[in-house]
There are 4 protein chains.
Amino acid sequence: MIELGANRYGKAAIRVVRVARSPNGDQVRDLTVAIALEGAFEAAHTDGDNSAVIATDTMKNTAYAFAKDHLDGSIEVYGQALAEHFLEAPQVDAATVNVRSHHWSAIAVAGSPAPDAFVRGGEGTRVATVNVSLGGSMVEAGVEDLTVMKTTRSGFSGFPRDRYTTLVETEDRLMATKVTAIWRYGAPGLDYDATFDAIRATLLEVFADHESGSVQESIWIMARSILERHEEIAQIRMALPNLHHWLVDLSPFGLENDREIYTPTTEPHGIIEATVRRGES
Amino acid sequence: MIELGANRYGKAAIRVVRVARSPNGDQVRDLTVAIALEGAFEAAHTDGDNSAVIATDTMKNTAYAFAKDHLDGSIEVYGQALAEHFLEAPQVDAATVNVRSHHWSAIAVAGSPAPDAFVRGGEGTRVATVNVSLGGSMVEAGVEDLTVMKTTRSGFSGFPRDRYTTLVETEDRLMATKVTAIWRYGAPGLDYDATFDAIRATLLEVFADHESGSVQESIWIMARSILERHEEIAQIRMALPNLHHWLVDLSPFGLENDREIYTPTTEPHGIIEATVRRGES
Amino acid sequence: MIELGANRYGKAAIRVVRVARSPNGDQVRDLTVAIALEGAFEAAHTDGDNSAVIATDTMKNTAYAFAKDHLDGSIEVYGQALAEHFLEAPQVDAATVNVRSHHWSAIAVAGSPAPDAFVRGGEGTRVATVNVSLGGSMVEAGVEDLTVMKTTRSGFSGFPRDRYTTLVETEDRLMATKVTAIWRYGAPGLDYDATFDAIRATLLEVFADHESGSVQESIWIMARSILERHEEIAQIRMALPNLHHWLVDLSPFGLENDREIYTPTTEPHGIIEATVRRGES
Amino acid sequence: MIELGANRYGKAAIRVVRVARSPNGDQVRDLTVAIALEGAFEAAHTDGDNSAVIATDTMKNTAYAFAKDHLDGSIEVYGQALAEHFLEAPQVDAATVNVRSHHWSAIAVAGSPAPDAFVRGGEGTRVATVNVSLGGSMVEAGVEDLTVMKTTRSGFSGFPRDRYTTLVETEDRLMATKVTAIWRYGAPGLDYDATFDAIRATLLEVFADHESGSVQESIWIMARSILERHEEIAQIRMALPNLHHWLVDLSPFGLENDREIYTPTTEPHGIIEATVRRGES
């Protein structure tokens, strides 16, 4: 017998910009939204019965419409409103809304921020994912593409050597990575914007401050510090590619290279992932 | 108490090309390999103890060396050899090797394939993932980025309408999608190359032949046919973005548009995912 | 005094798909079109006077409308029709239309091509650029992203050595490149589709067949052969990145590597460009 | 007769990171460099004679070596040193060095910049191109990928209407663009870093401040202001894609949309290019 297993569907890459206009200066929210639903959709697959299938085009329209009425606050609140809306449909068992927020800041004119002109930039992308189901709701938030570098206080030594090992041990390497860090909030109803800013600041500060014996140790130190300092969060998942910066051998050219000239590479790269959480006791 | 949860690490984007040279014509294998390990790596995180941490640079070297001795056959066999090698280390509980194969074909010269010149191309990318652990091994294979289109026999109607629904029902739309299809083999030791070719052919043929009432129904029909015709596989997971092609309104220009001129878009897109498997009875 | 210099404007990334429906099987044209105009547009810049500025949105609409009536033949003919249309406006001195054509082929069902199902693929992208001005018209055509490899009969030696030279001379390297080749037709009114196919075949065949002493020599040999065999074309411009494939040093692992295992890299890459043309005498 | 026309070659995508170490804090320069040479290279094409062909691998090595000794100052000075070095070879008639600089800023720790930890980011990419030839040298500098938005004071009206025109005139649209601005310095030996910062600030400030009747007018106003305020520069070339933000029609949902909810699109996009320069009188 052949049967349908896990399935879900939705709309991705919905682009929404909201301009909140004010005499004191406009505010710009620039989002990429993805919506996914799970539930009683078996008949659509096996019987061609679409009577339960909320069109993904309708999801897109709803994302636009909710941007009008539910985007005064954080992206988490917007995501929650969207997810709860879809959960109201009886065939939906779970709705997941992922929001990526692209950063714009006011352009400085004569030292003051312009009320109506903005430049896109910033370091990393803020993300939030809200999942609501009959069992409750879960809010995750975090950053992606936050690229950082330590020029000292990073090493990698004491690793095992076998027939295929050529890497030289080092107590002083350049470490660069593009951080993905996604944390789960323990309870809803937070000031999500302030909390995000605080956790992001902790992440950067601990990254700058710590001694790294490996990317694994860096993840542990950053994640543990975040959990220690921010009791709102229950766990954090980090994924750190190791963006290798190789010291260039300048000796053929009669030049010394004392940790000065590097060439960065992206292929291949290490990739280290771990979840750190509050334990039972 | 703060504790380490799930974690894994490895090397990604390892690029390997092997040229098997022969008087009758060279053969080119062009691979992107990713290796990930799980196991007793807690001390690396929490104690800065790297004595168990097989360097990701060593993984890269091993992927190169194994390309010399273990790449005469399929990418599944190469992946299995690599994964089993890493599982031999006592600290490793599970090793996963993902291989993507980029297609080159011999250039035609005077109607015959050149022995030593190739052009890259093809439709979709072949992928394989081998996971080995103390509990056994699992081989998955499939295609990614296989972009296909049906110009007729695709519709979408009978879906629910609410305040946010504007989509018009249609019995005749253009359907385009970029197929990801990953199947799991029920037993090892197959002729992986021939099996892959046969399943891929079934997928394309059923895509071409079926009547689609929704992307969901298309997944079900293709996946069921593949399971019916290929008993080697235990389940298949498909993810189909709906790459919308909108009919252009030419009426302002005094022109008719009877399913002729479309504009394709990528943002936003529907995304439909499902697993279909053999059931218990 | 500050003055306006060279300027032009237009619409890029216009996506058009045309399905020519027929009982014998549909035909799909999938294009990305860019239109650029030059002419008397100074007042738009300096005086805010838009009375001459054909809206780029109008260009897009025109590209859609012309796909209905002018896309039965080649992309060159479509581009020419569009360009000539815009040149009719008195303020336009020159119009350039660039068309990129994405390849779809009919899916095989039971050995025959399906009439209404297609798979995207192919090797390289066909492009055409038509420029019309009061001085006449020029048609260029060619391929982009045609990735090819020679596993033998390629070397690079005899180059000068200075303080910064470490590259070893080789008589036998693997050469890979992603060809851009753009040729200019000497006269209009050709069978552009057949001519394109013939030139592309020559390009691949000569690439496969020749002995390469450098990428420069490869360009010369391919371009000269194309000019010799295809008198319709007046000149050809080629740009070949050198997609380095480095032999992996397997000796630390006790393995030989006789031109067998390579690692391809994309950063950095050589880039060689030249135009070859018919001379005066 | 078939002959070689214009040709050039070089190395692109050379990645170099230099860490200038200091007790007061390290400085990071992160560059992507491209080098291209023109000269007496005909024999390499037509005779397989490489005796004049400086290997592109040597160019890469030289870029690394010069990063050690010539990168204390601006990227323009580094590019000039590299270009002049290659011009010393008798077969070289012209050398062009393009440098793109990726921005890193020190991470704040307890309110102070860390001496050895950095985050990548910033708005736009600084670029410089130095061309030296027997006829002299030319230095161009600028920004790429500087994405900006005006939420008011932008319109587009008074354009001509024909059969294919459907765009509605507007006095108040949202304007977004990704600025490429490349200016040419009139004389060498400037403080390139300070000059770059000043011109970039002018560009942003004028963008924020001006009333735009079209993208063409915006280019003229920004370019003219830059030429007026910065006499070091002789001309400036700007290319502004029009990244359309379409007002979403919320009326089907019973909602008003007074310039509040937009959906941005990238395909298709307008593209406006112009050079503005100091005239003869």
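This is a predicted model, so every value here is computed, not measured.

Concerning the overall build of chain A
Thought 1: Looking only at helices and strands, one finds five helices and twelve strands in chain A.
Thought 2: With the principal axes as the frame, chain A shows a C-alpha extent of 75 × 70 × 45 Å.
Thought 3: Residues classed as buried in chain A amount to 50% of the 281 residues present.
Thought 4: A separation of at least 24 residues holds for 61% of the contacts in chain A among residues at least 6 apart in sequence.

A look at the relation of the copies chain A and chain C
Thought 1: Superposition record for chain A on chain C: RMSD 0.0 Å, screw rotation 180°, translation along axis 0.0 Å. Those values place the two copies in the arrangement expected of a two-fold rotation axis.
Thought 2: Most of the interface of chain A is mirrored in chain C, where 100% of its interface residues are also at the interface.

Some points on the relation of the copies chain B and chain A
Thought 1: The transformation that overlays chain B on chain A combines an axial shift of 0.0 Å with a rotation of 180°, and the residual RMSD is 0.0 Å.
Thought 2: Of the residues that chain B buries at the interface, 100% are likewise interface residues in chain A, meaning the two copies contact each other through the same surface.

A word on the domain arrangement of chain A
Residue and element names in this part refer to chain A.
Thought 1: Here the domain parsing of chain A yields domain 1 (9–133) and domain 2 (144–277).
Thought 2: The C-alpha-based centres of domain 1 and domain 2 are spaced at 30 Å.
Thought 3: Listed per partner, the contact involves eight residues of domain 1 and six residues of domain 2.
Thought 4: Those elements giving two or more residues to the side of domain 1 that touches domain 2 turn out to be α3 (75–87) and β6 (125–133).
Thought 5: Ranked by the residues each element gives to the side of domain 1 that touches domain 2, the list is headed by β6, at three residues.
Thought 6: Partitioned by chemical class, the residues of the side of domain 1 that touches domain 2 number two nonpolar, three polar and three charged.

Some points on the interface of chain B and chain A
Thought 1: Counting residues at the interface gives 67 residues for chain B and 67 residues for chain A.
Thought 2: Within the residue set of the side of chain B that touches chain A, elements represented by two or more residues are β1 (2–20), α1 (42–46), α2 (56–69), α5 (215–229), β9 (233–242) and β12 (269–278) of chain B.
Thought 3: Among the elements that make up the side of chain B that touches chain A, the one with the highest residue count is β1 of chain B (14 residues).
Thought 4: In the sheet, strand β12 (residues 269–278) of chain A pairs with β1 of chain B via nine bridges, with the strands oriented antiparallel. Following the sheet pairing, Arg278 of chain A is matched in β1 of chain B by Ile2 of chain B.

What about the nonpolar core?
Thought 1: Formed by 350 residues in total, the largest nonpolar core has its most connected members in Ala63 of chain A, Ala63 of chain B, Ala63 of chain C together with Ala63 of chain D.
Thought 2: Look past the residues within four positions of Ala63 of chain A in its chain and what remains in contact with it is Ile14, Val16, Val33, Ile35 and Leu82 of chain A.

Considerations on the packing of helix α4 (residues 192–209) of chain A against helix α5 (residues 215–229) of chain A
All names here are of chain A.
Thought 1: Put simply, α4 and α5 touch, their axes get as near as 9 Å, and they point 140° apart. When the axis of α4 is compared with that of α5, the two are oblique. In this structure, α4 meets α5 at a crossing whose hand is right-handed. Contact residues: Ile199, Thr202, Leu203, Val206 and Phe207 in α4; Ile221, Met222, Ser225, Ile226 and Arg229 in α5.

Here's the deal with the interface of chain A and chain C
Thought 1: At the junction of the two partners, chain A supplies five residues and chain C supplies five residues.
Thought 2: Here the side of chain A that touches chain C is composed, by residue class, of three nonpolar, one polar and one charged.

Considering α5 of chain A
All names here are of chain A.
Thought 1: For α5, spanning 15 residues, the distance from its first C-alpha to its last is 21 Å, which sits close to the expected 21 Å at 1.5 Å a residue.
Thought 2: Most of α5 is tucked away, with eleven of its 15 residues classed as buried.
Thought 3: Turning to α5, its buried residues number three or more, namely Val215, Gln216, Glu217, Ser218, Ile219, Trp220, Ile221, Met222, Ala223, Ile226 and Leu227.

Some words on unusual backbone geometry
Most peptide bonds adopt trans geometry, and most residues besides glycine take a negative phi value.
Residue and element names in this part refer to chain B.
Thought 1: Cis rather than trans, the peptide bond between Glu267 and Pro268 has omega equal to -10°.
Thought 2: Within the element layout of this structure, Pro268 appears in the loop between β11 (261–264) and β12.
Thought 3: One non-glycine residue, Arg259, adopts positive backbone phi at about 50°.
Thought 4: The residue Arg259 is located in the loop between β10 (245–247) and β11 in this model.

Considerations on the confidence of the model for chain A
Thought 1: Across chain A, pLDDT averages 97, with 100% of residues at or above 70.
Thought 2: Taken over the whole predicted complex, pTM reads 0.97, whereas the ipTM for its chain interfaces reads 0.96.

Considerations on the packing of helix α2 (residues 56–69) of chain C against helix α3 (residues 75–87) of chain C
Residue and element names in this part refer to chain C.
Thought 1: At a closest axis distance of 10 Å, the pairing of α2 and α3 adopts a crossing angle of 135°. Considered as vectors, α2 and α3 are oriented oblique to each other. α2 and α3 meet at a crossing whose hand is right-handed. Here Thr62, Ala63 and Phe66 of α2 lie close against α3, whose contacting residues are Tyr78, Ala81, Leu82 and His85.
Thought 2: For the contact of α2 with α3, a count of residues per class yields five nonpolar, two polar and no charged.

Some words on the pairing of strand β6 (residues 125–133) of chain C
Residues and elements named next belong to chain C.
Thought 1: When you tally the buried positions in β6, you get seven out of nine residues, the bulk of the element.
Thought 2: The pairing of strand β3 (residues 92–102) with β6 spans eight bridges and is classified as antiparallel. Pairing of Thr96 across the sheet is with Asn131, part of β6.

Brief notes about the environment of Asp69 of chain C
Thought 1: Relative to the assigned elements, Asp69 of chain C resides in helix α2.
Thought 2: Sequence-wise, Asp69 of chain C and Ala81 of chain C are twelve residues apart; in three dimensions their C-alpha atoms are separated by 9.8 Å.

A word on α3 of chain C
For the α-helix, the turn length of 3.6 residues means that residues three or four positions removed from each other point alike.
All names here are of chain C.
Thought 1: Taking 1.5 Å per residue, 13 residues should reach 18 Å; α3 reaches 18 Å between its end C-alpha atoms and fits that length.
Thought 2: By the criterion of burial, α3 is predominantly enclosed, with ten of the 13 residues buried.
Thought 3: Every buried residue belonging to α3 is among Ile75, Glu76, Val77, Tyr78, Gly79, Gln80, Leu82, Ala83, His85 and Phe86, and all of these are buried.
Thought 4: Against β2 (27–39), α2, β3, β6, β7 (136–150) and α4 (192–209) lie the buried residues of α3.

Here is what the cut-offs are and how they apply
- Residues numbered from 1 in each chain as written.
- Chains lettered and ligands numbered in written order.
- Predicted model: local features only at pLDDT ≥ 70, side-chain atom pairs only at ≥ 80, totals over all residues.
- Helix = DSSP H or I, 4+ residues; strand = E, 2+ residues; numbered from the N terminus.
- Buried ≥ 20, exposed ≤ 12 C-beta atoms within 10 Å, placed from the backbone.
- Contact = placed C-beta atoms within 7 Å.
- Least-squares fit on C-alpha atoms with pLDDT ≥ 70 in both.
- Domains from an automatic or database assignment.
- Nonpolar A, V, L, I, M, F, W, Y, C, P; charged D, E, K, R; others polar.
- Pairing = 2+ DSSP bridges.
- Core = buried A, V, L, I, M, F, W, Y, C linked by C-beta atoms within 7 Å.
- Axes fitted to C-alpha atoms, helices over the stretch in contact; angles between N-to-C directions.
- Parallel < 35°, antiparallel > 145°, perpendicular 65-115°, else oblique.
- Left-handed = near helix turned anticlockwise from the far one by under 90°.
- Expected span 1.5 Å × (residues − 1).
- pLDDT = per-residue confidence, 0-100.

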